[in-house]
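# Geometric and topological summary
For reference, the chains in residue letters:
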Amino acid sequence: KYGMIIREKYGIKPDELVLLFISNDHKRKNLQSVLEAMHRLKDKRFRLMAVGDDNNAPYIKWAARSGIGEQILFTGPQRNIERYFGAADIFVFSTNYDAFGSACLEAMACGLPVIASRTCGASELIRDGENGFIISADAPEGLADRISALDPVSRRVEIGRNAAETAARYTVQKHLAEIQILYERVINGRFS
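Residues numbered from 1 in each chain as written. Predicted model: local features only at pLDDT ≥ 70, side-chain atom pairs only at ≥ 80, totals over all residues. Heavy atoms only, no water.

## Observations concerning the overall build of the chain
Basically, it comes down to this: Under the scheme used here, helices are H or I runs from DSSP no shorter than 4 residues and strands are E runs no shorter than 2 residues, and both carry numbers assigned from the N terminus. Radius of gyration: over C-alpha atoms. The globule rule applied is 2.2 Å multiplied by the number of residues raised to the 0.38 power. Burial here depends on accessible area, computed with a 1.4 Å probe over protein chains only, as a share of the maximum for the residue type. Under 20% is buried, over 50% is exposed, and the range in between is partly exposed. Asp and Glu are treated as the negative residues and Lys and Arg as the positive ones, with His and the ends of the chain left uncounted. Charge coordinates come from a single atom per side chain, which is NZ of Lys, CZ of Arg, CG of Asp or CD of Glu.
Each helix and strand counted, the chain has 8 helices and 6 strands in total. Reading the chain from its N end, one meets helices and strands in the order α-β-α-β-α-β-α-β-α-β-β-α-α-α. For the chain, the C-alpha radius of gyration of 18 Å lies close to 16 Å, the compact-globule estimate for 192 residues. Along the first, second and third principal axes, the C-alpha atoms of the chain reach 60 × 30 × 30 Å. Residues classed as buried in the chain amount to 48% of the 192 residues present. Here the chain contributes 26 positive and 24 negative side-chain charges, whose respective centroids are spaced 1 Å apart.

## Focus on the sheet that holds strand 2 (residues 46-51)
Applicable threshold: In this analysis, strands are considered paired if DSSP registers two or more bridges between them. Every axis in this analysis is a line fitted to C-alpha atoms, fitted for helices over the stretch in contact. Angles between the N-to-C directions lie between 0 and 180 degrees.
In space, the 6 strands of this open sheet follow the order 3-2-1-4-5-6, with parallel pairing throughout. Strands with a single pairing partner mark the edges of an open sheet, and in this sheet they are strand 3 (72-76) and strand 6 (133-135). The mean inter-strand angle of the sheet, taken between neighbouring strand axes irrespective of direction, is 20 degrees. Bridging between strand 1 (residues 17-22) and strand 2 involves 6 bridges; their strand directions are parallel.

## A word on the environment of C110
With respect to the helices and strands, C110 occurs in the loop between helix 5 (102-109) and strand 5 (114-117). Through-space distance from the C-alpha of C110 to that of R45 is 22 Å; in sequence the pair is 65 residues apart.

## Description of the nonpolar core
What counts is decided by this rule: Joining through side-chain atoms within 4.5 Å is the link that ties buried Ala, Val, Leu, Ile, Met, Phe, Trp, Tyr and Cys residues into a set, and such a set is a nonpolar core. We call two residues in contact when some of their heavy atoms are within 4.5 Å.
Counting 31 residues, the largest nonpolar core has L20, M49, Y84, F85, F91, C104 and V114 as the members making the most contacts within it. Elements that contribute at least two residues to this core include exactly strand 1, strand 2, helix 4 (81-87), strand 4 (90-93), helix 5, strand 5 and helix 7 (153-168). Considering each element in turn, this core owes the most residues, 5 residues, to helix 5. Setting aside residues no more than four positions away along its own chain, F85 makes contact with L20, I22, F91, A103, E106, A107, C110 and L112.

## Here's the deal with unusual backbone geometry
If you check the backbone angles, N30 has positive phi at about 65 degrees while not being a glycine. Within the secondary structure, N30 is located in the loop between strand 1 and helix 2 (31-41). Its identity as a non-glycine residue notwithstanding, K42 has a phi of 50 degrees, on the positive side. Looking at the secondary structure, you find K42 in the loop between helix 2 and strand 2. Look at K42 and you get exposed, because its relative accessible area is 65%.

## Looking at the packing of helix 5 against helix 7
Worth spelling out the cut-off: Crossings are sorted by hand: turned counterclockwise from the far helix by less than a right angle, the near helix makes the crossing left-handed, and turned clockwise it makes it right-handed. Only Asp, Glu, Lys and Arg are considered charged in this grouping, and only Ala, Val, Leu, Ile, Met, Phe, Trp, Tyr, Cys and Pro are considered nonpolar; every other residue, Gly among them, is considered polar.
In contact at an axis separation of 7 Å, helix 5 and helix 7 are set at 115 degrees when each is read in the N-to-C sense. For the pair helix 5 and helix 7, the crossing hand works out as left-handed. Note on element contacts: helix 7 touches helix 5 through G160, A163, A164, T166 and A167, opposite L105, M108 and A109. A per-class count over the contact of helix 5 with helix 7 returns 6 nonpolar, 2 polar and no charged.

Without other data, these values stay purely geometric and don't point to any function.
As structure tokens, this is what we get:
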């Protein structure tokens, strides 16, 4: 429901495919590579929704010069990010480095196929081609190929379902239980 409201708010047509990119540091999260992948796709059905707080000006300028300016939406920072996950078809996380990238796990939990760089710690959750895709951080051609591979809705649904099943195994309760076991081992001197 909220996803449709977001799509309507930004004028996204039902047949358009939304790539979601979330960042407060566009350079480190490698927005330029995503823009270059969009340019390579040469498919006006793809829209990129960039959510976050950073200087968008150089990216807006590059997109306009490259002929994809109308396909890019800069939303600024958003509070109810789950609504943006609901509006998206694919989550892209092409970061140059991120220790984990909780947005990847959140996107997976929402049933979105995720394309993440192998320099993101969250890529360890992804089984390439099964519940998402892993790419090189600075390889727009590989990113464009993976986006194209997710064009058929059946493929997005299959990978998104697998992503949600993976994310369901990573609950806060499970994490806290594992930390408690670790602490008990440390306290009792059992490290094996």
